[in-house]
Amino acid sequence: MDWREKVDPLLRQHLEKQIKESFKQKEAFSSSKKPDISQLWIAIALLSKENFDLKLKIKYLESFIKENVQVKKSRNLSKY
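The rules behind the values
- Residues numbered from 1 in each chain as written.
- Predicted model: local features only at pLDDT ≥ 70, side-chain atom pairs only at ≥ 80, totals over all residues.
- Heavy atoms only, no water.
- Helix = DSSP H or I, 4+ residues; strand = E, 2+ residues; numbered from the N terminus.
- Rg over C-alpha atoms; globule rule 2.2 N^0.38 Å.
- Buried < 20%, exposed > 50% of the residue type's maximum accessible area, 1.4 Å probe, protein only.
- Areas by Shrake-Rupley, 256 points an atom, 1.4 Å probe, with all protein chains shown as cover.
- Lys, Arg positive; Asp, Glu negative; His and termini not counted.
- Charge placed at Lys NZ, Arg CZ, Asp CG, Glu CD.
- Salt bridge = Lys/Arg side-chain N within 4 Å of Asp/Glu carboxyl O.

S.K.: Sorry, what's going on with the overall build of the protein here?
M.R.: Looking only at helices and strands, the protein has 3 helices and 0 strands in total. What you see in the protein, going N to C, is helices and strands ordered as α-α-α. Relative to the 2.2 N^0.38 estimate, which gives 12 Å for 80 residues, the radius of gyration of the protein is 22 Å and therefore markedly larger than a compact globule would have. Based on the C-alpha atoms only, the size of the protein along its principal axes is roughly 70 × 30 × 15 Å. Within the protein, the proportion of its 80 residues that are buried is 11%. As presented, the protein carries roughly 7500 Å² of accessible surface, and 61% of it is formed by carbon and sulfur atoms. Separation between the mean location of the 18 positive side-chain charges and that of the 11 negative ones in the protein comes to 9 Å.

Next comes the structure, spelled out in structure tokens:
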């Protein structure tokens, strides 16, 4: 049995995704003296990028909501 099959099923899909995504950089990590370590760093970089992108989206959504709340408040105040 492969070690990946022993990983909790809830985590396994995420594991497989990271392996698949990092494997797209095989040419890069294969040229390293320690390809296994380099592949891990690539997976970390992918997670970091995903995290950054999500934070950017959250920031955008927060500012959008904040602007809409302010517009709504100003509309309510202008009624009086």
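S.K.: Even after reading the chapter, I still don't get the pattern of salt bridges, so can you show me in this structure?
M.R.: Oppositely charged side chains may form a pair once their charged atoms are brought near each other. Per the counting criterion, the structure on display carries 4 salt bridges. The residue E16 makes a salt bridge to R4 at a minimum N-O spacing of 2.7 Å. Residue E16 is located in helix α1 (residues 9-23), and its partner R4 is located in the segment before α1; the two are separated by 12 residues in the primary sequence. What makes R4 partly exposed here is its relative accessible area of 25%. Residue E50 pairs with K17 through a salt bridge whose shortest N-O separation is 3.3 Å. Placement of the pair is E50 in helix α3 (residues 35-78) and K17 in helix α1, with a sequence separation of 33 residues. With relative accessibility at 39%, the residue K17 sits in the partly exposed group.

In short, the description is geometric, and any link to function would need to be established separately.
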